[in-house]
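Listed below are the residues making up each chain.
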Amino acid sequence: MNIKKKKGGEGGANWMDTYGDMVTLLLCFFVLLYSMSTIDEKKWQMIVMSFNPNVTSVPAQSIPQGPVGSNSSGGAPGDAPTEDQMEEILKEMYLALDEYIKESNMESSVAVTNGDGYVFLTFRDAVFFGPNSSVLLDEGKDVLREVAPMFLNAQEYIQEIRVMGHTAREIPTQPNSPAFDRTLSANRAAGVGTFLQEQGIDGAKVITVGYGEWRPIDNNTSSEGRAHNRRVEIMVTGLELEEKLQSGLQQYETVVDDARTEIQKEWGLDPQ
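Right, let's walk through the structure included here. (Residues numbered from 1 in each chain as written. Predicted model: local features only at pLDDT ≥ 70, side-chain atom pairs only at ≥ 80, totals over all residues. Heavy atoms only, no water.)

## A look at the nonpolar core
For clarity, the cut-off: Nine residue types can take part in a nonpolar core, namely buried Ala, Val, Leu, Ile, Met, Phe, Trp, Tyr and Cys, and a core is a set of them joined through side-chain atoms within 4.5 Å. Burial classification: accessible surface area is computed with a 1.4 Å probe over protein chains only, and a residue below 20% of its type maximum counts as buried, one above 50% as exposed, and the rest as partly exposed. Strands here mean DSSP runs of E at least two residues long; helices mean DSSP runs of H or I at least four residues long; both are numbered from the N terminus. Contacts: residue pairs with any heavy atoms within 4.5 Å of one another.
Counting residues in each nonpolar core, the largest one holds 37 residues, and the members touching the most others are Leu121, Phe128, Phe151, Val192, Leu196 and Ile234. Sorting the residues of this core by element identifies helix H3 (83-103), strand S1 (110-115), strand S2 (118-124), helix H4 (138-153), strand S3 (158-166), helix H5 (178-198) and strand S5 (231-238) as the ones contributing at least two each. Element by element, the count of residues in this core is highest for H3, at eight residues. Look past the residues within four positions of Phe151 in its chain and what remains in contact with it is Met93, Leu97, Leu121, Ile158, Ile161, Leu196, Ile201, Ile234 and Val236. Among the nonpolar cores identified, the runner-up in size contains 15 residues, and Tyr118, Phe120, Ala259 and Ile263 belong to it.

## Here's the deal with unusual backbone geometry
Despite not being glycine, Asn105 shows a phi value in the positive range, around 55°. Within the element layout of this structure, Asn105 appears in the loop between H3 and S1. The class for Asn105 is exposed, based on a relative accessible area of 63%. Positive phi, close to 55°, is recorded for Asn132, a residue that is not glycine.

## Details of the packing of aromatic side chains
Applicable threshold: Ring pairs shown here join Phe, Tyr and Trp side chains whose ring centres sit within 6.5 Å, with only the six-membered ring taken for Trp; geometry is labelled stacked below 30 degrees between planes, edge-to-face above 60, and tilted in between. The criterion is that NZ of a Lys, or CZ of an Arg, lies within 6 Å of the ring centre and within 35 degrees of the ring normal, and then a charge sits over that ring.
Under the counting rule described, the total for this entry stands at two aromatic pairs. Seen from their ring centres, Phe123 and Phe128 are 4.8 Å apart, and the 40° between their planes marks the pair as tilted. For the ring pair Phe128 and Phe129, a centre distance of 6.0 Å and an interplane angle of 75° mean the geometry is edge-to-face. For the pair Phe128 and Phe129, one class covers both residues: buried. By way of ring pairs, the aromatic residues Phe123, Phe128 and Phe129 are connected into one cluster. The residue whose ring lies beneath Arg260 is Tyr211, and the NZ or CZ to ring-centre distance is 5.5 Å.

## Digging into the packing of H4 against H5
Any two packed helices are characterised by how steeply their axes cross, that is the angle between the axes, and by the distance between the axes. Cut-off, in case you're wondering: Only the contacting stretch of a helix is used when fitting its axis, a line to C-alpha atoms as for every element, and angles between N-to-C directions run 0 to 180 degrees. Every angle not falling under 35 degrees, over 145, or within 65 to 115 is termed oblique; those three ranges are roughly parallel, roughly antiparallel and roughly perpendicular. A clockwise turn of the near helix away from the far one marks a right-handed crossing, whereas an anticlockwise turn of less than a right angle marks a left-handed crossing. Ten residue types, Ala, Val, Leu, Ile, Met, Phe, Trp, Tyr, Cys and Pro, are classed as nonpolar, four, Asp, Glu, Lys and Arg, as charged, and the remainder, Gly among them, as polar.
H5 packs onto H4 with a crossing angle of 55° between their chain directions and a minimal axis gap of 9 Å. With respect to each other, H4 and H5 are oriented oblique. For the pair H4 and H5, the sense of crossing is right-handed. Of the residues in H5, those touching H4 at Lys141, Leu144, Arg145, Ala148 and Phe151 are Val192, Phe195 and Leu196. Looking at the contact of H4 with H5 residue by residue, the class counts come to six nonpolar, no polar and two charged.

## Notes on the pairing of S2
This is how it is decided: Note on pairing: DSSP must find at least two bridges between two strands before they are called paired.
A large share of S2 lies buried, amounting to six of its seven residues. Taken together, the six bridges between S1 and S2 define a ladder with antiparallel strand orientation. The residue bridging Gly115 from the neighbouring strand is Tyr118, located in S2. Hairpin remark: S1 followed by S2, antiparallel, with two residues in the connecting loop; positive phi at Gly117, about 95°. Strand direction decides the pairing type here: S2 and S5, joined by seven bridges, are antiparallel. Paired with Val119 across the bridge in S5 is Val236.

## Quick look at the side chain of Asn229
In plain terms, the rule: For the purposes of these results, a polar contact is taken to be a pair of N or O atoms within 3.5 Å, where, inside protein, one atom must be able to donate a hydrogen and its partner to accept one; residues adjacent in sequence count only when each atom of the pair is a side-chain atom.
Tracing the backbone through its elements, the reader meets Asn229 in helix H6 (residues 223-229). On the basis of relative accessible area, Asn229 is assigned to the buried category, the value being 0%. Engagement of the side chain of Asn229 in a polar contact is seen with the backbone nitrogen of Ile217, the distance being 2.8 Å. Those residues in contact with Asn229 that lie beyond four places of it in its chain are His166, Thr167, Ala168, Pro216, Ile217, Asp218, Asn219 and Asn220.

## So, a nonpolar patch on the surface
Note the threshold: Note on patches: the residues involved have over 30% relative accessible area and no salt bridge, like charges join within 9 Å, and the nonpolar side chains Val, Leu, Ile, Met, Phe, Trp and Tyr join within 5 Å. The accessible surface values rely on the Shrake-Rupley method and a 1.4 Å probe; as for residues, cover is taken only from the protein chains in view. The working definition used for a salt bridge is a side-chain nitrogen of Lys or Arg within 4 Å of a carboxyl oxygen of Asp or Glu.
Judged by side-chain polarity, Trp15, Met16, Tyr19, Met22, Val23, Leu26, Phe29, Phe30 and Leu33 come together as a nonpolar surface patch covering roughly 930 Å² of accessible area. Tracing the backbone shows Phe30 in helix H1 (residues 14-35). Here Phe30 falls in the exposed class, since its relative accessible area comes to 52%.

In C-alpha cells:
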C-alpha cells in the first residue's frame, strides 16, 4: 500500500496574514493618536534638556508639531486663552454693556461692574417682572435680547453665567414666607436663565440660584430700599477665574460680595 505523505507548509502563510492585519491596525491606531496630539512647549523643553544638560534653551521652531498644527502655548485655534486675552475679552464685554445701559437711559435700574475675571450685572426687578410675578415682561425680554449677543460673542471664553434672583423683606420686622420667598426668587432666576439659553447660550454654562430676601443691597425700611433689593443679578466669569479661586465656594462668594459692594457704591445704597 502506498501512503502519500502530507505536504507541509501549505497553511504556513495564514499566520502572516493575521500578523500583517494586526500591524496595520496598530499603525492606524498610532496615526490616529498622533493626529489628535498637541505638544506642550515647556514639557518638550524639559525633556530635551534632561537628555542634554548642556542645552540651556530649545528654539520654538524645533518643537514637533502634530497634524493639528498647534502646541499648548502657540495661540492656535483651540488653545486656552492667556490671562491677558481673557481680561481683554471681559473688558470689551463690560464696555459694551455699560454703553448699552447709558444709551438706553437705564442707569437707575441696571448697573454693571467688572473685576478680576468677571463681569457683574444687576437689574431691578421692575425691568423683568411685575409685582410678585416670575413671568418675564416683554420689556425684560427686549433687554435680554440686547445683552445675550454680548455673552454669545465671548461664549467660548466664559466659564459660567450665574443668574441670581432676590426678593425684599416686605415687612421689615418679619421674614417673608420661606416657601413663597424662595420659590419666587428661584423662578425669576430660572426665567432669565431659560430666556438666555433660548437665545443660543450654552445651557451647560447657565446656572440659576434663588436667594430670597437674604442678600440685600439696601435697607428694607423704605419702599425705595425694598425696590433695590428686588432684583436679578448676572455674574459672568471667565475661564481663568476657576484657577484663581482655589479654595472654592467661599472665595467665589467673596467675589460676588465685592461686586455687590461696587453696585451699592454706584447707586449710593446703605444695606444697614
